[in-house]
Amino acid sequence: MTAAVPRLGVNIDHVATIRNARGGPHPDPIRAAQVAAEAGADGITLHVREDRRHVREEDLARLSSAVTLPINLEMACTDEMLAIALAAHPNAVCLVPERREERTTEGGLDVAGLHNTVAPYVIRLREAGIRVSLFIDPHPVQIAVAQAIGAPVVELHTGAYCDAAGRGDLIRAETELRLIREAAVEGTSRGIEVHAGHGITFDTVKPVAAIPEIIELNIGHFLVGEAIFIGLDASVRRMKALMAEARLGPRT
Ligand code: PXP
(Lines give C-alpha, C1' and ligand atoms only; values in the text may rest on other atoms or scores of the structure.)
Protein backbone atom coordinates (compact mmCIF):
# COMPACT_ATOMS: atom_id res chain seq x y z
CA MET A 1 0.00 0.00 0.00
CA THR A 2 1.35 3.43 -0.85
CA ALA A 3 0.45 7.03 -0.07
CA ALA A 4 2.19 8.22 -3.25
CA VAL A 5 0.03 10.15 -5.69
CA PRO A 6 -1.16 7.85 -8.51
CA ARG A 7 0.53 8.30 -11.87
CA LEU A 8 -1.51 10.06 -14.52
CA GLY A 9 -1.50 8.57 -17.99
CA VAL A 10 -2.89 11.15 -20.42
CA ASN A 11 -4.78 9.58 -23.31
CA ILE A 12 -4.30 11.62 -26.51
CA ASP A 13 -6.80 9.72 -28.72
CA HIS A 14 -9.34 12.50 -28.96
CA VAL A 15 -6.85 15.08 -30.12
CA ALA A 16 -6.53 12.75 -33.11
CA THR A 17 -10.33 12.51 -33.35
CA ILE A 18 -10.46 16.27 -33.93
CA ARG A 19 -7.51 16.13 -36.35
CA ASN A 20 -9.15 13.36 -38.35
CA ALA A 21 -12.38 15.36 -38.70
CA ARG A 22 -10.56 17.44 -41.35
CA GLY A 23 -8.01 14.94 -42.60
CA GLY A 24 -5.01 17.26 -42.15
CA PRO A 25 -2.22 17.30 -39.55
CA HIS A 26 -3.84 19.71 -37.03
CA PRO A 27 -4.26 19.37 -34.08
CA ASP A 28 -1.28 17.06 -33.70
CA PRO A 29 -1.69 14.47 -30.91
CA ILE A 30 2.10 14.37 -30.51
CA ARG A 31 2.16 18.07 -29.67
CA ALA A 32 -0.60 17.34 -27.14
CA ALA A 33 1.59 14.63 -25.61
CA GLN A 34 4.43 17.13 -25.27
CA VAL A 35 2.15 19.67 -23.58
CA ALA A 36 0.83 16.96 -21.25
CA ALA A 37 4.39 15.96 -20.37
CA GLU A 38 5.26 19.58 -19.54
CA ALA A 39 2.13 19.81 -17.38
CA GLY A 40 3.13 16.81 -15.28
CA ALA A 41 1.67 13.75 -17.01
CA ASP A 42 3.44 10.58 -15.93
CA GLY A 43 2.73 8.67 -19.11
CA ILE A 44 1.04 8.93 -22.50
CA THR A 45 -1.71 6.50 -23.48
CA LEU A 46 -3.15 5.87 -26.91
CA HIS A 47 -5.50 3.34 -28.46
CA VAL A 48 -4.84 2.23 -32.00
CA ARG A 49 -8.23 0.86 -33.00
CA GLU A 50 -8.95 -1.58 -35.76
CA ASP A 51 -10.83 1.16 -37.67
CA ARG A 52 -8.12 3.83 -36.93
CA ARG A 53 -10.83 6.27 -35.90
CA HIS A 54 -8.33 8.30 -33.86
CA VAL A 55 -4.60 7.58 -33.54
CA ARG A 56 -2.80 5.44 -36.10
CA GLU A 57 0.43 3.47 -36.00
CA GLU A 58 2.32 6.42 -37.55
CA ASP A 59 1.33 8.46 -34.47
CA LEU A 60 2.68 5.74 -32.21
CA ALA A 61 5.97 5.74 -34.11
CA ARG A 62 6.26 9.55 -33.94
CA LEU A 63 5.34 9.57 -30.26
CA SER A 64 8.20 7.26 -29.34
CA SER A 65 10.76 9.73 -30.61
CA ALA A 66 8.95 12.85 -29.31
CA VAL A 67 8.49 12.13 -25.60
CA THR A 68 10.56 10.43 -22.95
CA LEU A 69 7.52 9.47 -20.84
CA PRO A 70 6.40 5.84 -20.74
CA ILE A 71 4.00 5.00 -23.57
CA ASN A 72 0.97 2.81 -22.92
CA LEU A 73 -0.64 1.33 -26.03
CA GLU A 74 -4.24 0.17 -25.68
CA MET A 75 -5.10 -2.52 -28.19
CA ALA A 76 -7.41 -5.39 -28.99
CA CYS A 77 -6.23 -9.01 -28.97
CA THR A 78 -5.60 -9.34 -32.70
CA ASP A 79 -2.53 -10.44 -34.62
CA GLU A 80 -2.47 -7.14 -36.51
CA MET A 81 -2.26 -5.17 -33.25
CA LEU A 82 0.29 -7.57 -31.79
CA ALA A 83 2.55 -6.95 -34.79
CA ILE A 84 2.17 -3.18 -34.32
CA ALA A 85 3.01 -3.47 -30.61
CA LEU A 86 6.03 -5.68 -31.19
CA ALA A 87 7.34 -3.29 -33.87
CA ALA A 88 6.79 -0.12 -31.81
CA HIS A 89 7.75 -1.67 -28.49
CA PRO A 90 5.86 0.69 -26.12
CA ASN A 91 6.64 0.46 -22.40
CA ALA A 92 3.21 -0.97 -21.73
CA VAL A 93 0.26 -2.52 -23.53
CA CYS A 94 -3.25 -2.58 -22.13
CA LEU A 95 -5.39 -5.28 -23.74
CA VAL A 96 -8.95 -4.06 -24.23
CA PRO A 97 -12.11 -5.45 -25.81
CA GLU A 98 -13.05 -3.82 -29.09
CA ARG A 99 -16.23 -3.78 -31.13
CA ARG A 100 -16.42 -1.64 -34.24
CA GLU A 101 -19.90 -0.35 -33.48
CA GLU A 102 -19.10 0.89 -29.96
CA ARG A 103 -18.46 4.57 -29.35
CA THR A 104 -15.80 3.84 -26.74
CA THR A 105 -14.57 0.81 -24.81
CA GLU A 106 -17.90 0.06 -23.20
CA GLY A 107 -16.99 -2.75 -20.82
CA GLY A 108 -13.94 -4.55 -19.55
CA LEU A 109 -12.27 -7.46 -21.27
CA ASP A 110 -14.01 -10.69 -20.23
CA VAL A 111 -10.76 -12.36 -19.26
CA ALA A 112 -12.66 -15.10 -17.43
CA GLY A 113 -14.61 -16.03 -20.56
CA LEU A 114 -11.81 -15.40 -23.07
CA HIS A 115 -8.72 -16.59 -21.22
CA ASN A 116 -7.70 -18.96 -24.03
CA THR A 117 -7.75 -16.02 -26.46
CA VAL A 118 -6.09 -13.49 -24.17
CA ALA A 119 -3.34 -15.64 -22.61
CA PRO A 120 -1.18 -16.01 -25.78
CA TYR A 121 -1.11 -12.21 -26.18
CA VAL A 122 -0.05 -11.77 -22.56
CA ILE A 123 2.75 -14.29 -23.11
CA ARG A 124 4.01 -12.78 -26.42
CA LEU A 125 4.01 -9.24 -25.06
CA ARG A 126 5.68 -10.24 -21.81
CA GLU A 127 8.35 -12.17 -23.72
CA ALA A 128 9.05 -8.95 -25.63
CA GLY A 129 9.62 -7.12 -22.33
CA ILE A 130 6.41 -5.07 -22.57
CA ARG A 131 4.40 -4.54 -19.36
CA VAL A 132 0.97 -6.04 -19.97
CA SER A 133 -2.21 -4.87 -18.39
CA LEU A 134 -5.77 -6.18 -18.82
CA PHE A 135 -8.67 -3.72 -18.85
CA ILE A 136 -11.32 -5.48 -16.78
CA ASP A 137 -14.51 -4.80 -14.91
CA PRO A 138 -13.92 -4.62 -11.15
CA HIS A 139 -14.90 -8.19 -10.40
CA PRO A 140 -12.98 -10.76 -8.32
CA VAL A 141 -13.33 -13.53 -10.93
CA GLN A 142 -11.75 -11.35 -13.62
CA ILE A 143 -8.85 -10.61 -11.27
CA ALA A 144 -8.32 -14.25 -10.37
CA VAL A 145 -8.16 -15.19 -14.07
CA ALA A 146 -5.89 -12.22 -14.85
CA GLN A 147 -3.49 -13.57 -12.26
CA ALA A 148 -3.83 -17.13 -13.56
CA ILE A 149 -2.79 -16.09 -17.08
CA GLY A 150 0.17 -14.10 -15.80
CA ALA A 151 -0.95 -10.48 -16.22
CA PRO A 152 1.22 -8.29 -13.96
CA VAL A 153 -1.22 -5.36 -14.14
CA VAL A 154 -4.99 -4.85 -14.36
CA GLU A 155 -6.78 -1.61 -15.20
CA LEU A 156 -10.18 -1.41 -13.54
CA HIS A 157 -12.99 0.01 -15.72
CA THR A 158 -14.39 3.03 -13.88
CA GLY A 159 -17.09 3.80 -16.47
CA ALA A 160 -20.05 2.46 -14.48
CA TYR A 161 -19.04 4.53 -11.44
CA CYS A 162 -18.45 7.69 -13.50
CA ASP A 163 -21.71 7.29 -15.44
CA ALA A 164 -23.74 6.85 -12.23
CA ALA A 165 -22.04 9.82 -10.57
CA GLY A 166 -22.55 11.90 -13.70
CA ARG A 167 -26.31 11.30 -13.73
CA GLY A 168 -26.54 12.03 -10.02
CA ASP A 169 -27.33 8.45 -9.00
CA LEU A 170 -25.25 8.58 -5.85
CA ILE A 171 -26.39 5.24 -4.45
CA ARG A 172 -25.36 3.44 -7.61
CA ALA A 173 -22.12 5.44 -7.78
CA GLU A 174 -21.25 4.37 -4.23
CA THR A 175 -22.00 0.73 -5.09
CA GLU A 176 -19.75 0.91 -8.16
CA LEU A 177 -17.04 2.62 -6.16
CA ARG A 178 -17.18 -0.15 -3.57
CA LEU A 179 -16.64 -2.73 -6.33
CA ILE A 180 -13.61 -0.76 -7.53
CA ARG A 181 -12.21 -0.55 -3.98
CA GLU A 182 -12.72 -4.26 -3.36
CA ALA A 183 -11.18 -5.17 -6.71
CA ALA A 184 -8.18 -2.94 -6.00
CA VAL A 185 -7.59 -4.71 -2.68
CA GLU A 186 -8.09 -8.12 -4.31
CA GLY A 187 -5.65 -7.34 -7.12
CA THR A 188 -2.98 -6.02 -4.80
CA SER A 189 -3.33 -9.01 -2.47
CA ARG A 190 -2.68 -11.26 -5.50
CA GLY A 191 0.47 -9.30 -6.36
CA ILE A 192 -1.09 -7.51 -9.33
CA GLU A 193 -0.45 -3.80 -9.93
CA VAL A 194 -3.80 -2.00 -10.09
CA HIS A 195 -4.65 0.88 -12.43
CA ALA A 196 -8.02 2.44 -13.22
CA GLY A 197 -9.64 4.51 -15.90
CA HIS A 198 -12.53 5.41 -18.19
CA GLY A 199 -14.93 8.31 -18.00
CA ILE A 200 -13.03 10.09 -15.22
CA THR A 201 -13.65 13.85 -14.83
CA PHE A 202 -12.67 16.56 -12.33
CA ASP A 203 -15.86 15.67 -10.43
CA THR A 204 -15.29 11.92 -10.27
CA VAL A 205 -11.52 11.59 -9.93
CA LYS A 206 -11.03 12.07 -6.21
CA PRO A 207 -12.81 8.99 -4.81
CA VAL A 208 -10.90 6.80 -7.30
CA ALA A 209 -7.54 8.50 -6.72
CA ALA A 210 -8.08 8.14 -2.96
CA ILE A 211 -8.02 4.34 -3.19
CA PRO A 212 -4.52 3.57 -1.87
CA GLU A 213 -4.01 0.43 -3.97
CA ILE A 214 -4.53 2.25 -7.27
CA ILE A 215 -1.23 3.44 -8.65
CA GLU A 216 -2.14 4.76 -12.10
CA LEU A 217 -5.13 6.48 -13.69
CA ASN A 218 -5.59 6.75 -17.45
CA ILE A 219 -7.71 9.69 -18.50
CA GLY A 220 -8.43 11.07 -21.95
CA HIS A 221 -11.79 12.30 -23.20
CA PHE A 222 -12.51 14.71 -20.35
CA LEU A 223 -9.00 16.20 -20.33
CA VAL A 224 -9.12 16.88 -24.07
CA GLY A 225 -12.67 18.24 -23.87
CA GLU A 226 -11.79 20.52 -20.98
CA ALA A 227 -8.74 21.71 -22.91
CA ILE A 228 -11.16 23.52 -25.25
CA PHE A 229 -12.12 25.77 -22.36
CA ILE A 230 -9.00 26.07 -20.20
CA GLY A 231 -6.17 24.66 -22.33
CA LEU A 232 -4.55 21.25 -22.14
CA ASP A 233 -1.79 22.36 -19.80
CA ALA A 234 -4.30 23.65 -17.21
CA SER A 235 -6.55 20.64 -17.70
CA VAL A 236 -3.73 18.16 -16.94
CA ARG A 237 -2.39 20.26 -14.06
CA ARG A 238 -5.82 20.48 -12.42
CA MET A 239 -6.40 16.74 -12.74
CA LYS A 240 -3.04 16.02 -11.13
CA ALA A 241 -3.74 18.50 -8.34
CA LEU A 242 -7.07 16.78 -7.60
CA MET A 243 -5.35 13.39 -7.57
CA ALA A 244 -2.76 14.71 -5.12
CA GLU A 245 -5.45 16.22 -2.89
CA ALA A 246 -7.37 12.95 -2.87
CA ARG A 247 -4.31 10.99 -1.80
CA LEU A 248 -2.48 13.46 0.41
CA GLY A 249 -5.24 15.80 1.59
CA PRO A 250 -5.74 19.47 0.66
CA ARG A 251 -2.63 21.60 0.33
CA THR A 252 -2.30 24.07 3.17
N1 PXP B 1 -8.42 3.21 -20.05
C2 PXP B 1 -8.76 2.42 -21.09
C3 PXP B 1 -8.30 1.00 -21.10
C4 PXP B 1 -9.51 2.94 -22.18
O5 PXP B 1 -9.85 2.13 -23.20
C6 PXP B 1 -9.87 4.30 -22.15
C7 PXP B 1 -10.61 4.88 -23.31
O8 PXP B 1 -9.80 4.80 -24.45
C9 PXP B 1 -9.45 5.08 -21.05
C10 PXP B 1 -8.76 4.50 -20.00
C11 PXP B 1 -9.74 6.55 -20.98
O12 PXP B 1 -11.09 6.79 -20.94
P13 PXP B 1 -11.61 8.29 -21.09
O14 PXP B 1 -11.22 8.73 -22.47
O15 PXP B 1 -13.08 8.17 -20.89
O16 PXP B 1 -10.92 9.10 -20.03
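Conventions we followed
- Residues numbered from 1 in each chain as written.
- Predicted model: local features only at pLDDT ≥ 70, side-chain atom pairs only at ≥ 80, totals over all residues.
- Heavy atoms only, no water.
- Helix = DSSP H or I, 4+ residues; strand = E, 2+ residues; numbered from the N terminus.
- Buried < 20%, exposed > 50% of the residue type's maximum accessible area, 1.4 Å probe, protein only.
- Polar contact = N/O pair within 3.5 Å; in protein donor to acceptor, adjacent residues only side chain to side chain.
- Near = heavy atom within 4 Å.
- Areas by Shrake-Rupley, 256 points an atom, 1.4 Å probe, with all protein chains shown as cover.
- Core = buried A, V, L, I, M, F, W, Y, C linked by side-chain atoms within 4.5 Å.
- Contact = heavy atoms within 4.5 Å.
- Axes fitted to C-alpha atoms, helices over the stretch in contact; angles between N-to-C directions.
- Parallel < 35°, antiparallel > 145°, perpendicular 65-115°, else oblique.
- Left-handed = near helix turned anticlockwise from the far one by under 90°.
- Nonpolar A, V, L, I, M, F, W, Y, C, P; charged D, E, K, R; others polar.
- Arc of directions from axis to C-beta.
- Patch = residues over 30% accessible without salt bridge, like charges linked within 9 Å, V, L, I, M, F, W, Y side chains within 5 Å.
- Salt bridge = Lys/Arg side-chain N within 4 Å of Asp/Glu carboxyl O.

K.L.:
Just to check I follow, could you spell out the side chain of Asn 11 for this structure?
P.N.:
The residue Asn 11 is located in strand β1 (residues 7-11) in this model. Residue class for Asn 11 comes out buried when judged on its relative accessible area of 9%. Of the polar contacts made by the side chain of Asn 11, one reaches the backbone nitrogen of Asp 13; its length is 2.8 Å.

K.L.:
Mind showing me how you'd approach the site of the ligand here?
P.N.:
Contacts to the ligand come from 14 residues, most closely from Glu 74, Glu 155, Gly 199, Gly 220 and His 221. One of the side-chain nitrogen or oxygen atoms of Glu 74 is found 3.1 Å away from an oxygen atom of the ligand. Interatomic distance of 2.5 Å between a side-chain N/O atom of Glu 155 and a nitrogen atom of the ligand. If the ligand stood free it would expose 400 Å²; the protein chains cover 95% of that surface.

K.L.:
In this structure, what is going on with the nonpolar core? I would like to understand it.
P.N.:
Nonpolar side chains in soluble globular proteins tend to end up buried together. Among the nonpolar cores identified, the biggest contains 75 residues, and Leu 95, Leu 134 and Leu 217 are the most heavily contacted of them. Leave out the neighbours within four places in its chain, and Leu 134 touches Cys 94, Leu 95, Leu 109, Val 111, Val 118, Val 122, Ala 146, Ile 149, Ala 151, Val 153, Val 154 and Glu 155.

K.L.:
Any chance you could explain the packing of helix α4 (residues 79-88) against helix α5 (residues 111-127) here in plain terms?
P.N.:
In contact at an axis separation of 11 Å, α4 and α5 are set at 15° when each is read in the N-to-C sense. Judged by the inter-axis angle, α4 sits roughly parallel to α5. Two packed elements cross with a definite hand, and for α4 against α5 that hand is right-handed. Mapping the contact onto sequence places Asp 79, Leu 82, Ala 85 and Leu 86 in α4 and Tyr 121, Arg 124 and Leu 125 in α5. Taken together, the residues of the contact of α4 with α5 sort by class into 5 nonpolar, no polar and 2 charged.

K.L.:
Hey, could you run me through helix α10 (residues 221-230) in this one?
P.N.:
Buried within α10 are the following residues: Leu 223, Val 224 and Glu 226. The arc that holds the buried residues of α10, viewed along the axis, is 165°, so those residues lie on one side. Exposed residues on α10 whose side chains face more than 90 degrees from its buried face are His 221, Ile 228 and Phe 229. Buried-residue contacts for α10 involve β1, α1 (13-22), β8 (214-219) and α11 (232-248).

K.L.:
I keep staring at a nonpolar patch on the surface and nothing clicks. Help me out?
P.N.:
Among the surface-exposed residues, Ile 228, Phe 229 and Ile 230 lie close enough to one another that they form a single nonpolar patch of about 370 Å² accessible area. Here Phe 229 shows up in helix α10. On the basis of relative accessible area, Phe 229 is assigned to the exposed category, the value being 68%.

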